[in-house]
Amino acid sequence: MGGMIAKRDSVKHPTPVSKLEEEMVNAMQRRAAEGCSMKSFNSLILKFPKIDENLRRCRSIFQQFDEDSNGAIDQEELKHCFLKLEISFTEEEIGELFDACDINKDMGMKFNEFIVLLCLVYLLKELGSVHGKPRMGLPDLEATFETLVDAFVFLDKNKDGYVSRNEMVEAINETVGEEMDWDKNGTVTFKEFLFAFTRWIGIKDNDDDEDDEE
Ligand SMILES: [Ca+2]
Ligand SMILES: [Ca+2]
Ligand SMILES: [Ca+2]
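Predicted, not measured: the structure shown is a model, and the values here were computed from it.

So, how was this worked out
Residues numbered from 1 in each chain as written. Chains lettered and ligands numbered in written order. Predicted model: local features only at pLDDT ≥ 70, side-chain atom pairs only at ≥ 80, totals over all residues. Helix = DSSP H or I, 4+ residues; strand = E, 2+ residues; numbered from the N terminus. Buried ≥ 20, exposed ≤ 12 C-beta atoms within 10 Å, placed from the backbone. UniProt positions renumbered as here; feature names shortened; annotations may be inferred. Core = buried A, V, L, I, M, F, W, Y, C linked by C-beta atoms within 7 Å. pLDDT = per-residue confidence, 0-100. Contact = placed C-beta atoms within 7 Å.

What follows is about unusual backbone geometry. Of note, the phi angle at serine 69 is positive, near 50 degrees, even though the residue is not glycine. By the element assignment, serine 69 lies in the loop between helix 4 (59–65) and helix 5 (75–84). Since 7 C-beta atoms lie within 10 Å of it, serine 69 is described here as exposed. One non-glycine residue with positive phi stands out, namely glutamate 86, at about 55 degrees. Within the element layout of this structure, glutamate 86 appears in the loop between helix 5 and helix 6 (91–101).

Here is the structure:
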């Protein structure tokens with residue numbers, strides 16, 4: 001068990017199961033050291049519509065790289081994809097990324113797996129590029145990835161590069177406590193729930209006279 005200082009989480013530090021996971025954890029810890037601009041779980045939820053829109057738009061990128069249009073990007077197609085985006089990976093790194101993101105193990109990147117893969121690339125290729133500048137030439141998508149990385153850093157309270165179940169529960173507790181329970185009496189009524197929901201999907205209190213596009 002060992003004499004570790006008491007942490008917020010009682011669980012032991014997970015050990016990375018692969019080199020890729022270790023790189024991901026290191027990248028997240030670096031990002032955590034730089035700080036996080038997300039202030040609440042609620043502010044993340046407020047961004048869901050935008051995230052949704054940008055990720056869906058990514059389908060045309062997917063189709064472009066699915067050269068034989070069979071609905072999946074294979075390893076050869078992925079190599080061409082990185083070439084086109086001017087992202088340099090070794091053969092071995094491409095293989096690792098592919099394996100890690102081929103979640104259903106059918107030897108192809110389906111659209112959802114491809115999104116995961118691109119976001120990992122975004123995270124891992126941060127070193128050696130200027131912070132905040134597009135590094136894949138896909139500014140909208142990269143802004144979305146940045147939000148997702150930021151969200152993860154926000155959730156990872158003890159900054160170990162993993163979001164534990166406790167950290168997730170803590171974030172939800174804060175959201176329920178501070179964002180949904182308006183009268184702070186410890187419970188959320190259906191009315192409060194609905195009200196929070198309108199905010200989450202982006203409906204503001206003055207939606208009618210709003211002409212500024214974000
Ligand atoms: Ca294909
Ligand atoms: Ca797959
Ligand atoms: Ca953590």
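With that settled, consider the UniProt feature "domain: EF-hand" (unreviewed entry) in the protein chain. The feature "domain: EF-hand" (unreviewed entry), as annotated in UniProt, sits at residues 53–88, 89–124 and 143–178 in this numbering. Along residues 89–124 one finds 69% helix and 0% strand; the C-alpha atoms at either end are 11 Å apart. From the first C-alpha to the last, residues 143–178 spans 27 Å; its make-up is 75% helix and 0% strand.

What follows covers the nonpolar core. Core analysis: the largest hydrophobic core is formed by 15 residues, its most contacted members being Ile73, Met109, Phe114, Leu118, Cys119 and Tyr122. Those elements giving two or more residues to this core turn out to be helix 5, helix 6, helix 7 (111–124) and helix 8 (139–155). A per-element tally of this core places helix 7 first, with six residues. With seven residues, the next largest nonpolar core counts Phe41, Phe152, Val153 and Phe154 among its residues.

This brings us to the confidence of the model for the protein chain. Of the residues in the protein chain, 86% reach a pLDDT of 70 or more, and the chain-wide mean stands at 85. In the predicted structure, residues 210–214 sits below a pLDDT of 50 and forms one contact with residues beyond four places in sequence or in another chain.

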